[in-house]
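# Close look at the chain arrangement
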Amino acid sequence: MFSLVSEMRFQCFVFFCIIVGVSADWSRTGSAKSWRGLALSDDGTYAYAAAQNTGLYRSSDNGATFVLVQSYNGLTSVACSGDGSKVIIGASDGVSISVGDSLQLNSAASSNDNFVSVAVSDDGTVFVAAEYLGYVWRGTASGSSNVASWEKMQYSGGYRLDYWNSISLSVDGTRFVAVSAMGGSGGGRIWFYSGGLLQESSNYVSREYNWIVCNSDCSVMFVTASYLPMYRCLSYSTGCSWVQLDAGSGTWSRGVATNGDGMRVAAGVGGAQTGSLLISDNKGSSSSWESVSGTSGLDWRSMAVSSDGVVTLAASDQSQLWIDMPVPTAAPTGQPTGIPTGEPSGQPTILPSGEPSAQPSCIPSTRPTGQPSGQPSGQPSERLSTRP
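All values reported here derive from a predicted model rather than from experimental measurement. (Residues numbered from 1 in each chain as written. Predicted model: local features only at pLDDT ≥ 70, side-chain atom pairs only at ≥ 80, totals over all residues. Heavy atoms only, no water.)

## Re the overall build of the protein
Along its length, the protein carries 0 helices and 29 strands. Expressed as a percentage of the 388 residues in the protein, the buried residues total 52%. Of the contacts made within the protein by residues no fewer than 6 positions apart, 50% connect residues no fewer than 24 positions apart. Approximately 16,700 Å² of the protein is accessible, and the part contributed by carbon and sulfur atoms is 48%. (Helix = DSSP H or I, 4+ residues; strand = E, 2+ residues; numbered from the N terminus. Buried < 20%, exposed > 50% of the residue type's maximum accessible area, 1.4 Å probe, protein only. Contact = heavy atoms within 4.5 Å. Areas by Shrake-Rupley, 256 points an atom, 1.4 Å probe, with all protein chains shown as cover.)

## Considering unusual backbone geometry
It is generally the case that most residues other than glycine have a negative phi and that most peptide bonds are trans. For Cys-218, which is not glycine, the phi dihedral falls at a positive 60°. Among the secondary structure elements, Cys-218 is positioned in the loop between strand 20 (209-214) and strand 21 (221-225). Not every positive phi belongs to a glycine, and Gln-318 is a case in point at roughly 55°. Topologically, Gln-318 is positioned in strand 29 (residues 312-328). Overall, Gln-318 belongs to the exposed group, its relative accessible area being 51%.

## A few points about empty space enclosed by the protein
Evaluation of the coordinates by the stated rule reveals 1 cavity of 30 Å³ or more. The space that makes up the largest cavity amounts to roughly 710 Å³. Lining the largest cavity are 44 residues, and of these Ala-79, Ser-168, Val-213, Thr-258 and Val-305 sit closest to its centre. Those elements that provide at least two residues to the lining of the largest cavity are strand 2 (17-40), strand 6 (75-80), strand 10 (115-120), strand 16 (162-169), strand 20, strand 24 (257-258) and strand 28 (300-305). For the lining of the largest cavity, the residue count by class is 21 nonpolar, 19 polar and 4 charged. (1 Å grid on protein atoms, 1.4 Å probe; cavity = no way out; pocket = protein on both sides within 12 Å on 5 of 7 lines; lining within 4 Å. Points joined across faces, edges and corners; volume = space filled by probe spheres on them. Nonpolar A, V, L, I, M, F, W, Y, C, P; charged D, E, K, R; others polar.)

## Overview of the pairing of strand 20
Most of strand 20 is tucked away, with 6 of its 6 residues classed as buried. Direction of pairing for strand 20 relative to strand 21: antiparallel, over a ladder of 5 bridges. Along strand 21, the bridge assignment pairs Tyr-209 with Ala-225. Counted between consecutive antiparallel strands, the loop separating strand 20 from strand 21 contains 6 residues, among which Cys-218 sits at a positive phi close to 60°. (Pairing = 2+ DSSP bridges.)

## What to know about the pattern of salt bridges
Taken as a whole and judged by the stated rule, the model has 7 salt bridges. Asp-317 is the salt-bridge partner of Arg-36, the closest N and O atoms lying 3.0 Å from each other. Within this pair, whereas Arg-36 is found in strand 2, its partner Asp-317 is found in strand 29, the two being separated by 281 residues in sequence. With its nearest N and O atoms 3.0 Å apart, the salt bridge here joins Asp-324 to Arg-264. Here the residue Asp-324 occupies a position in strand 29, and Arg-264 occupies one in the loop between strand 24 and strand 25 (265-269), the gap between them amounting to 60 residues. With respect to burial, Asp-324 and Arg-264 carry one shared label: buried. (Salt bridge = Lys/Arg side-chain N within 4 Å of Asp/Glu carboxyl O.)

## Digging into a negative patch on the surface
Side chains of Asp-83, Asp-122, Asp-123, Asp-172 and Asp-217 sit close together on the surface and give a patch of like negative charge. Among the structural elements, Asp-172 can be located in the loop between strand 16 and strand 17 (176-180). (Patch = residues over 30% accessible without salt bridge, like charges linked within 9 Å, V, L, I, M, F, W, Y side chains within 5 Å. Lys, Arg positive; Asp, Glu negative; His and termini not counted. Charge placed at Lys NZ, Arg CZ, Asp CG, Glu CD.)

## Some remarks on the sheet that holds strand 24
As summarised here, the arrangement of the 4 strands in space is 24-25-26-27, forming an open sheet in which the pairing is antiparallel. Each having just a single partner strand, strand 24 and strand 27 (289-291) make up the two edges of the open sheet. Note that strand 26 (residues 276-280) and strand 27 share 3 bridges and pair antiparallel. Looking across to strand 27, one finds that Ile-279 is bridged to Glu-290.

## Quick word on the state of the cysteines
Using the criterion set out here, one finds 2 disulfides in the structure. In this model, Cys-214 is linked to Cys-218 through a disulfide, with the two sulfur atoms separated by 2.4 Å. The same class applies to Cys-214 as to Cys-218, namely buried. There is a disulfide in this structure between Cys-233 and Cys-240, and the S-S distance comes to 2.0 Å. Just as Cys-233 is buried, Cys-240 falls in that class too. (Disulfide = S-S within 2.5 Å.)

## Observations regarding the side chain of Ser-121
Residue position: Ser-121 is located in the loop between strand 10 and strand 11 (126-134). Assessed through its relative accessible area of 0%, Ser-121 is described here as buried. Separated by 2.7 Å, the side chains of Ser-121 and Asp-123 make a polar contact. Contact partners of Ser-121, with chain neighbours within four places excluded, come to Ser-81, Val-126, Leu-169, Ser-170, Val-171, Asp-172 and Gly-173. (Polar contact = N/O pair within 3.5 Å; in protein donor to acceptor, adjacent residues only side chain to side chain.)

## Quick look at the layout of surface pockets
Rolled over the atoms, a probe with the dimensions of a water molecule shows which regions are left empty. Each pocket or cavity is described by its volume, and for the largest pocket that value is around 330 Å³. Taken together, 17 residues line the largest pocket, and the ones lying closest to its centre are Arg-36, Thr-76, Val-116, Asn-165 and Arg-254. Among the secondary structure elements, those contributing two or more residues to the lining of the largest pocket are strand 6 and strand 20. The element best represented in the lining of the largest pocket is strand 20, accounting for 3 residues. Split into classes, the residues belonging to the lining of the largest pocket amount to 5 nonpolar, 8 polar and 4 charged.

## A few points about a nonpolar patch on the surface
A cluster of nonpolar side chains, namely Tyr-132, Leu-133, Leu-161 and Met-182, defines an oily patch on the protein surface of about 370 Å² accessible area. You can see Tyr-132 is positioned in strand 11.

## Here we look at the nonpolar core
Core analysis: the largest hydrophobic core is formed by 31 residues, its most contacted members being Val-136, Phe-176, Ile-190, Phe-192, Met-221, Val-223 and Trp-242. Where this core is concerned, the elements lending two or more residues are strand 11, strand 16, strand 17, strand 18 (190-194), strand 20, strand 21 and strand 22 (228-233). Grouped together as the second largest cluster of nonpolar side chains are 16 residues, Ala-47, Val-310, Val-311 and Met-325 included. (Core = buried A, V, L, I, M, F, W, Y, C linked by side-chain atoms within 4.5 Å.)

Below, the structure is given as structure tokens:
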């Protein structure tokens, strides 16, 4: 299912028709680093990867190549706006926000504590950040500013000091969910942001939660805890039902990811000896999980899925990045060259024995059911319009 997803497209050129197959396949990119965080723009054109002891890397060619854009020590996480122009990073000494192609990260931290998870709205004006043994923060900034105004989040009992592990934000910045590892007796908690306050989920089992992620409007959420199965919730409500999924159990990576509608889910499970990259294309439903070939035995750390679900990026510790995206298997290079020698240099036509056709045609000897178009629409697309 993951080695080949193809779509056949007919492209009609002057004298001949070609069939273009578009496939999606997993491949490796970048170099081996201590990867800790990943982010993708909505269409996957821009990708960011945070290496713990090196700095922030960027790709502007759909993950084909990554370039170091800012040296930084102690990175833990990264997120970017929908168009990839604004970036927020979490690190052991605070958070930073960057705007523009220069990607010169300037400190905008409201605290020097260890920020382990960050997120940003699609338009790049709302930010959230979670501190391990600290607080949850929400910030706002104008579209052109890299300095946010930060606010420490409260719940009904005041400020919530906790071992926060993960936070996820809706694309419009109005909703977010967060999890803690050891927020009280028996383990961590799941929290929703509503009405300006953090509100604890009322329908869950206290666990040592290590990651939470939601789709574009937080109507689909996935949460993981160490050595336990993954759970899913299908409504943004403190009373929503968390349903156990059959993805297995183990030491889940800090980086489950999903796309805009929540259909595609990427998750890493296991440690350096037993790890595996798992993918579901049906909201994690039963029998929809598959292990990506060649990914076992890796210590998975982070995942990212583009909003349209076309591009998936995964990172493991001390290894290359893994990427899944459509790759053209056959495509014309430049203008077609199949013009007979004797044909004039003007607009070629195919003349039957009777009257000439008004438009050039592309008809095989055995006539197909559908009539191919007479002119190409342009270069064949390198990306599937929808995910299977």
